[in-house]
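One-letter residues, chain by chain:
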Amino acid sequence: MKGRVNNYIEKLLGEGRTLHFSLIDPDKVDSLDQLGKLIERLYKAGTSGFLVGGTIGVTQSKLEAVLETMEDYEIPKIIFPSNINVLSPLADAVLFMSLLNSDDLYYVVGAQVMGAPLVKQMGLEILPTAYLIIGEGGTAGHVGRVRTIPFDNHELGAAYAMAAEFMGMRYIYLEAGSGSPRTVNPSMVRYVAKLTNLNVIVGGGIRNPEAARSICEAGADIVVTGTLLETDPERAVKVIEAVTEFRTVRESAK
Ligand SMILES: CC(C)=CCC/C(C)=C/CC/C(C)=C/CC/C(C)=C/COP(=O)(O)OP(=O)(O)O
Ligand SMILES: O=P(O)(O)OC[C@@H](O)CO
Ligand SMILES: [Mg+2]
């Protein structure tokens, strides 16, 4: 899929679909055998791609073991990097992200400067992504030193999203944090989707098909689940079905 991931995403979105990405955290994998079975299950259920990453504890060897387990599947394998050590040429693409609401310049531009030559050498396709953490954002919010955007402050979320679009980014990831007790507010998703042409990725705390559906209805383009795959794969399959069965007519931003 290298070089074809953006096109693959645009094609499915153009057909009115919403995509589901399964987030695998290499640090949470106990057995590669079990991971292989889980991946097969998620693929058969219709997940649209794999994100691979975790905030803490991911080594290159754990990352590559996960990517090798996925290699025979014809859907994108995309790195979700917490830092420059979480990169590998075995992936197809990388969410090349800037944490826009960080107080630490390292997460806004430093990691990108250190990572860019590595990404180039590895030949990874780029998904230029504004990463926005809403609420406290769990471990990622702590590590990323976020300047809080309250869950109900849609104007603030949308202002960041518009700034990201004006700076040339193509994706925005609205993140509540892994295992968050609540998801990003669907009304913030609606606001961002309406005011920009960015592809809107939403993740954090999505634990059931109803929550996933509300986020789809609000106009998300890609829905991410991570923790649920680890805790309740049966329910994760139901979330995948809810997302991939959803159909929408997308409007361009005014
Ligand atoms: C572009 C490059 C090379 C790096 C970008 C680096 C940036 C901007 C990082 C943002 C801050 C950060 C720590 C993000 C983590 C994103 C991530 C992989 C989340 C998913 O992992 P979790 O599920 O939260 O991990 P744990 O389960 O370990 O908490
Ligand atoms: O683990 P969950 O809560 O599904 O969150 C997924 C992802 O948005 C975390 O970065
Ligand atoms: Mg996690």
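Provided above is the structure to which this section pertains.
This report concerns the structure included in the present document. (Residues numbered from 1 in each chain as written. Chains lettered and ligands numbered in written order. Predicted model: local features only at pLDDT ≥ 70, side-chain atom pairs only at ≥ 80, totals over all residues. Heavy atoms only, no water.)

1. Some details on the side chain of Ser 102
Mapped onto the elements, Ser 102 comes out in the loop between strand E4 (93–99) and helix H4 (105–122). Taking the relative accessible area as the measure of exposure, Ser 102 reaches 10% and is therefore buried. A distance of 2.6 Å separates a polar atom in the side chain of Ser 102 from the backbone oxygen of Gly 144. In this structure, Ser 102 is in contact with Tyr 107, Val 108, Gly 144, Arg 145 and Val 146, ignoring residues within four places of it in sequence. (Helix = DSSP H or I, 4+ residues; strand = E, 2+ residues; numbered from the N terminus. Buried < 20%, exposed > 50% of the residue type's maximum accessible area, 1.4 Å probe, protein only. Polar contact = N/O pair within 3.5 Å; in protein donor to acceptor, adjacent residues only side chain to side chain. Contact = heavy atoms within 4.5 Å.)

2. Examining the site of ligand 2
Around ligand 2 sit 13 residues in total, of which Glu 175, Gly 179, Gly 205, Gly 226 and Thr 227 are the nearest. The side chain of Ser 178 places a nitrogen or oxygen atom 2.9 Å from an oxygen atom of ligand 2. At 2.5 Å from an oxygen atom of ligand 2 is found a side-chain nitrogen or oxygen belonging to Thr 227. For ligand 2, whose accessible area on its own is 300 Å², the fraction buried by protein is 95%. Put simply, ligand 2 lies in the largest pocket. (Near = heavy atom within 4 Å. Areas by Shrake-Rupley, 256 points an atom, 1.4 Å probe, with all protein chains shown as cover. 1 Å grid on protein atoms, 1.4 Å probe; cavity = no way out; pocket = protein on both sides within 12 Å on 5 of 7 lines; lining within 4 Å. Sits in = over half its atoms within 2 Å of the grid points.)

3. Observations regarding the sheet that holds strand E2 (residues 49–52)
Around the barrel, eight strands lie side by side as E1-E2-E3-E4-E5-E6-E7-E8; this closed barrel has parallel pairing. Ignoring which end each strand starts from, the neighbouring axes of this sheet average 30 degrees apart. Seen against the sheet, H4 touches E4 and strand E5 (125–133) and runs at an angle of roughly 155 degrees to E4. (Pairing = 2+ DSSP bridges. Axes fitted to C-alpha atoms, helices over the stretch in contact; angles between N-to-C directions.)

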